[in-house]
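Letter by letter, the chains look like this.
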Amino acid sequence: MEVLDEAFEVSDSTDWLGTPLAGLVAVEQSFRCHVCKDFYNSPMLTSCNHTFCSICIRRCLNADGKCPLCRASDQESKLRGNWALREAVDAFVSARDGMLRFARTPVVTASPSSPKRKAAELDSPETAMQENKRPRMSTRSSKTRAAQAAAQMAQEEIDDSEESDGDDFEPDDGLVACPICLSRMKPWMVDKHLDTTCPGSPQPDQASTSTGPNHRSIASRSAPSPFPPPSPSKTKPPDRLPAVAYAMLKDAALRKKLTDLGLSAAGPRQILERRHQEWVTMWNANCDSARPKKRAELLRDLDVWERTVGGRAPTMSRALNMGAQIRDKEFDGAAWAAKHDTSFKDLIANARRSRAQAERKAGGDEGVGESANSNPDPSGLAGPPTQQQTEVFDLQSGSPASRPSQPGPPEYGNGVEGLPGTDNGDRATALIPELNPFALHSQ
Amino acid sequence: MPPAAGFATKRLGKELQKIHNSLPPGIDLVSAENFEEWFLDIRVLDSNPLYKDQTYRLKFKFSSSYPIEPPEVVFVKLPDRPIPIHPHIYSNGIICLDLLGQQGWSPVQNVESVCMSLQSMLTGNTKDERPPGDEDFVRANRLRPKDIDFFYHDNNV
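Residues numbered from 1 in each chain as written. Chains lettered and ligands numbered in written order. Predicted model: local features only at pLDDT ≥ 70, side-chain atom pairs only at ≥ 80, totals over all residues. Heavy atoms only, no water.

Quick look at the pattern of salt bridges
How we decide: Salt bridge, as applied in this entry: a Lys or Arg side-chain nitrogen positioned within 4 Å of an Asp or Glu carboxyl oxygen. Counting from the N terminus, the helices are the DSSP runs of H or I reaching at least four residues and the strands are the DSSP runs of E reaching at least two. Classification of residues uses two cut-offs on accessible area relative to the type maximum, computed with a 1.4 Å probe and protein chains only: under 20% is buried, over 50% is exposed, and between them is partly exposed.
Summed over all chains, the structure comprises 24 salt bridges over all chains. We note a salt bridge from Arg58(A) to Glu76(A), for which the minimum N-O separation is 2.8 Å. Of this pair, Arg58(A) sits in helix H3 (residues 54-64) while Glu76(A) sits in the loop between H3 and strand E3 (80-81), and the two are 18 residues apart along the sequence. Given the relative accessible area of 4%, Arg58(A) is considered buried. Since its relative accessible area comes to 21%, Glu76(A) is described here as partly exposed. Among the ionic pairs, Arg139(B) bridges to Asp136(B), the shortest N-O distance being 3.1 Å. In this pair, Arg139(B) and Asp136(B) are both assigned in helix H3 (residues 134-140), three residues apart and thus about one turn of the helix distant. Overall, the relative accessible area of 48% leaves Asp136(B) in the partly exposed class. Via salt bridges that share partners, Asp15(A), Glu28(A), Arg32(A) and Arg96(A) belong to a single interconnected network.

Dropping the structure here:
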């Protein structure tokens, strides 16, 4: 079982059990998504304040629109990135290997002569000491980053204070500010300026020449999470794809959407919808990531999806071929047919019954006529039913209503037997056996 | 099997590892040879006379959309593994439990939590009876459990 072996290599919070750092089981648990059980990948906050991987919660909301933990309704558009947790997870994951290696290393070397019971006590300071040492080595980069971030904040604070000072700060340049537009000019120019060129309000351009950068830093600080924006100006995250109401979309339009996205437009309608939805989910989840994957990688992910869940999944293909129009994902056609077999029969029986009733209502004498059909002696009674039947035939063949009067009654005198030769007659024989049983039942 | 591992496989791999490490008392893994079908045994731990000294075999079937979709969970009848008597368990092993339906299922549930729910469902039961209409259902049903529209008439499970 190669697959199982592969799967066993995945890390798990229980890795800490049996080590001196067993307390980290709970810590690690809190860094893992409840849906995929893996470390949070682009954690997102729901409206109900629960956190899941971006792709997990998006898949869940697509499936039933509810939070997996508390079943509260939510929408993809309301998800918000949990950036602090994202950093915490990243830091923990990068430190995990070192910590685990340390935790699994026997600690006997440091205190060989300690009494038996004291060993446990000694473990903890020892642990704490080494723990301090080890992570310091392995997390230097993150420390540096933190320091940079702190410096950045401090810098912003300085800018800030400069800015607040700047409000009533008068540069000693021999100029004065226009009381309205704050442009600086020589004192004697002010009157003329006010009469002619003053725009009537403070000019942003003018002001920003001295305080521009600070304005920008303020703007960035008022953003929801100013603390180290991973790469503020390097790459703009790709645009999210909008959700699609598939019920409103014709086949051709959906295929075009897929083609426009550079995806395969092959397969039954249901697969197209699911492929498109999965791509939108992957794409949007990728937009939440601190390190977005390239498009080619996403396409590979979609290929994996296609082979495991989508159109090329081994268990799915059969069911899909059976009934693409059935929206259920795993449609059990055989069971469905078996289940509805009786209701189909009921429907057929009902239809026959109501048709028979309609026939009987159509002519009060019809019951007599039908009984006459079954009667071997047609002589006197054969007249009315044949008349009735010719009317029906005329409607079906579209021939003029005057037709029954054309052939003389004697020709039809023998009732049904005279008809089979003609086209209309064929229909008559087709109709009569259907109707007869019910006519007999009703008597 | 292709090397590609879907999200169901990844998630089940994690669950399996956890299960190998430890399972709550009264729950044992019998076999998990792939990521489609697992068997587990459960026992009721208290002295409920209905289930005393009995072990029951559960079969889990996972779709490729697990855990977005619930697993199919039924009791399996074997010579030494009866179907537990319970007003929500049909004598063919099909379980009427909202947790296992599309509505009651949540992706945060897992194999272990389902087993524990079933354990406590048995523990809390005092009625020595099958669901109403058990015979008819067992005779007529050809649907898979997930396609049955259960009417959850009892919320005191």
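Still more to cover.
Quick word on the UniProt feature "domain: SAP" (unreviewed entry) in chain A
Where we set the bar: UniProt positions are given in the numbering used here, feature names are shortened, and annotations may be inferred rather than shown by experiment.
When the UniProt feature table is mapped onto this chain, "domain: SAP" (unreviewed entry) is found at residues 246-280 of chain A. Span residues 246-280 of chain A is 63% helix and 0% strand, its end C-alpha atoms 13 Å apart.

Notes on the confidence of the model for chain A
Residue and element names in this part refer to chain A. Counted only if it meets this: Per residue, pLDDT captures the predictor's confidence, and it can take any value from 0 to 100. Residue contacts are counted whenever heavy atoms from the two residues lie within 4.5 Å of one another.
With 51% of its residues at a pLDDT of 70 or more, chain A shows a mean pLDDT of 68. Low pLDDT, under 50, characterises residues 114-140; the stretch is placed with 17 contacts to residues that sit more than four places away or in other chains. This model gives residues 366-443 a pLDDT under 50, and the stretch forms 54 contacts once residues within four places in sequence are excluded.

A word on the nonpolar core
Note the cut-off: Think of a nonpolar core as a cluster: buried Ala, Val, Leu, Ile, Met, Phe, Trp, Tyr and Cys residues, connected wherever their side-chain atoms sit within 4.5 Å.
Judged by nonpolar contacts, the single largest core of 45 residues is most densely connected at Trp16(A), Cys33(A), Phe52(A), Phe92(A) and Trp279(A). For this core, the secondary structure elements donating two or more residues are helix H2 (24-29), strand E2 (51-53), H3, helix H4 (83-104), helix H9 (251-260), helix H10 (269-287) and helix H11 (295-308) of chain A. In terms of nonpolar packing, the next biggest core, distinct from the first, is built from 32 residues, Leu16(B), Tyr51(B), Phe62(B) and Trp105(B) among them.

Some points on the pairing of strand E3 (residues 55-61) of chain B
All names here are of chain B. Here is the rule: One requirement defines pairing of two strands: DSSP has to find at least two bridges between them.
Within E3, five of the seven residues are buried, which leaves the element mostly enclosed by the surrounding structure. Bridge count between strand E2 (residues 37-43) and E3: seven bridges; the pairing is antiparallel. Residue pairing for E3: Phe 39 is matched across the bridge by Lys 59. Pairing analysis gives five bridges linking E3 to strand E4 (residues 72-76), with the strands arranged antiparallel.

Let's talk about H11(A)
Worth spelling out the cut-off: Between the first and last residue of a helix there are one fewer steps than residues, each counted as 1.5 Å, and that sum is the expected span.
Spanning 14 residues, H11(A) covers 20 Å between terminal C-alpha atoms, matching the ideal 20 Å at 1.5 Å per step. Within H11(A), burial applies to Leu298(A), Leu302(A), Trp305(A), Glu306(A) and Thr308(A). Here the buried face of H11(A) lies against H10 of chain A together with helix H1 (7-21) of chain B.

Structural notes on the side chain of Arg274(A)
For clarity, the threshold we go by: Positive charges are assigned to Lys and Arg, negative charges to Asp and Glu, while His and the chain termini are left out of the count. Within 3.5 Å is the distance limit for a polar contact, defined as a pair of N or O atoms, with the added protein rule that one can donate a hydrogen and the other accept it, and that residues adjacent in sequence qualify only through two side-chain atoms.
By the element assignment, Arg274(A) lies in helix H10. Buried and unpaired, Arg274(A) has no salt bridge, with Glu69(B) as the nearest side chain of opposite charge at 6.5 Å. There is a polar contact of 3.5 Å between the side chain of Arg274(A) and the backbone oxygen of Val309(A).

Details of the sheet that holds E2(A)
All names here are of chain A. So the rule is basically this: Comment: axis = line fitted to C-alpha atoms, over the contacting stretch for helices; angle = value between 0 and 180 degrees taken between N-to-C directions.
Strands sit in the order E2-E1-E3 across an open sheet of three strands; the sheet is antiparallel. The outermost strands of the open sheet, each flanked by one partner alone, are E2 and E3. In terms of strand pairing, strand E1 (residues 43-45) meets E3 through two bridges, oriented antiparallel. From the neighbouring strand, Met 44 faces E3, where its bridge partner is Gly 81. Running over the sheet, H3 touches E1 and E2 and is turned about 100 degrees from E2.

What to know about the sheet that holds E2(B)
All names here are of chain B. Strand order in the open sheet formed by four strands is E1-E2-E3-E4, with antiparallel pairing between adjacent strands. Each edge of the open sheet carries a strand with a single partner, namely strand E1 (27-31) and E4. Within this sheet the neighbouring strands show an average axis-to-axis angle of 30 degrees, counted without direction. Relative to E2, helix H2 (residues 111-123) is tilted by about 35 degrees, and along the sheet it contacts E1, E2, E3 and E4.

Quick word on the UniProt feature "domain: RING-type" (unreviewed entry) in chain A
Mapped onto this numbering, the UniProt entry annotates "domain: RING-type" (unreviewed entry) at residues 33-71 of chain A. For residues 33-71 of chain A, helix accounts for 28% and strand for 15%, while the C-alpha atoms at its two ends are 16 Å apart.

Brief notes about the state of the cysteines
Residues and elements named next belong to chain A. Definition in use: Two cysteine sulfurs form a disulfide in these notes if their separation is within 2.5 Å.
Using the criterion set out here, one finds zero disulfides over all chains in the structure. The cysteine Cys 48 is free of any disulfide, with Cys 70 supplying the nearest cysteine sulfur at 3.5 Å. You can call Cys 48 partly exposed: its relative accessible area is 22%.

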